[in-house]
Amino acid sequence: MIGTGILKGMAVTARNFVGSYFDKERLITVQYPEERNPLPENYRNFPFLIYDGNDPQAGLRCVACKICEKECPPQCIYIIKSEDKKPDYMGKPQFYPKVFDIDISVCMSCQICVEVCPFEAIKMDKDFELSKRERFDALLVRKEELSKPNDYYHEIHPIEAAAVDKNLTDAAAAAEAKKKAAAEAATKAAAAKAAAANTTPAQPTATSPSKPDA
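Values in this document were obtained by computation on a predicted structure and should not be read as measured data.

(A) Examining the side chain of Asp101 more closely. Note on placement: Asp101 falls in strand β5 (residues 97-103). Among the residues examined, Asp101 registers a relative accessible area of 7% and is labelled buried. In terms of polar contacts, Asp101 uses its side chain to reach the side chain of Arg142, at 3.2 Å. Apart from the residues lying within four places of it in its own chain, the contact partners of Asp101 are Cys76, Ile77, Tyr78, Leu140, Val141, Arg142 and Lys143.

(B) Spotlight on the nonpolar core. Formed by 24 residues in total, the largest nonpolar core has its most connected members in Ile77, Phe100, Ile102 and Ile122. With sequence-adjacent residues up to four places away left out, Ile77 is seen in contact with Cys68, Glu69, Cys72, Phe100, Asp101, Ile102 and Cys113. Listed in part, the 6 residues of the second largest apolar core include Ile50, Tyr153, Ile156 and Ala161.

(C) Looking closely at the side chain of Asp125. Considering the arrangement of structural elements, one finds Asp125 in the loop between β6 (122-124) and β7 (140-141). A relative accessible area of 5% means that Asp125 is categorised as buried. Beyond its immediate sequence surroundings of up to four residues, Asp125 is in contact with Tyr43, Arg44, Asn45, Phe46, Phe48, Lys148, Tyr152 and Ile156.

(D) Broad picture of the sheet that holds β5. An order of β2-β5-β7 is seen for the 3 strands of this open sheet, with the pairing classed as antiparallel. Each edge of the sheet is formed by a strand with only one pairing partner; in this case those strands are β2 (77-81) and β7. Sheet topology places β2 next to β5; 5 bridges connect them, and they run antiparallel. The residue of β5 that forms the bridge with Ile80 is Val99.

Calculation notes
Residues numbered from 1 in each chain as written. Predicted model: local features only at pLDDT ≥ 70, side-chain atom pairs only at ≥ 80, totals over all residues. Heavy atoms only, no water. Helix = DSSP H or I, 4+ residues; strand = E, 2+ residues; numbered from the N terminus. Buried < 20%, exposed > 50% of the residue type's maximum accessible area, 1.4 Å probe, protein only. Polar contact = N/O pair within 3.5 Å; in protein donor to acceptor, adjacent residues only side chain to side chain. Contact = heavy atoms within 4.5 Å. Core = buried A, V, L, I, M, F, W, Y, C linked by side-chain atoms within 4.5 Å. Pairing = 2+ DSSP bridges.

Nothing here speaks to function; it is geometry throughout.
What follows is the structure, given as structure tokens:
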């Protein structure tokens, strides 16, 4: 029958229109900014840097390896590596980024920088309210603005952050076990060497034959 499709479409529209007064799930819009829809776990916007502990300088996970800078398709990451090392939050000397800038006017939120980072130092943020009055320098985000604590990462990506922390903890435990095993092996080797030196019989010294008296 001609017009059946139009009638079906109007029926769907009318059902949603009337239902929106009774079922909140049918509401299409919210009163932004007073009301906001919750963002899904896998939502991503622009990258940020993670630091552990309370000091964003000492706890920064980034060691300025520059892998993310090389792999970034739009080349929006700019890093200058430090010339010296400083202790991280675990007391281990590490290089650090002297400069770490991201031009969010160029960033396309592809997440490649996150995937290639071997230190779990850079992740994707959920903050989308980043409009500025200026077009250029205001959209160049510096290291100080990019650095955010691990607790913030757990707030925006709880499942992912828990998995990352577990991987880092397991890796640290494996490295510590390997270090301990190497130390024990070295101690055993030194003890065995010392024991072998103590049990080796003394070699007799050769004496020259005495000359007959003239």
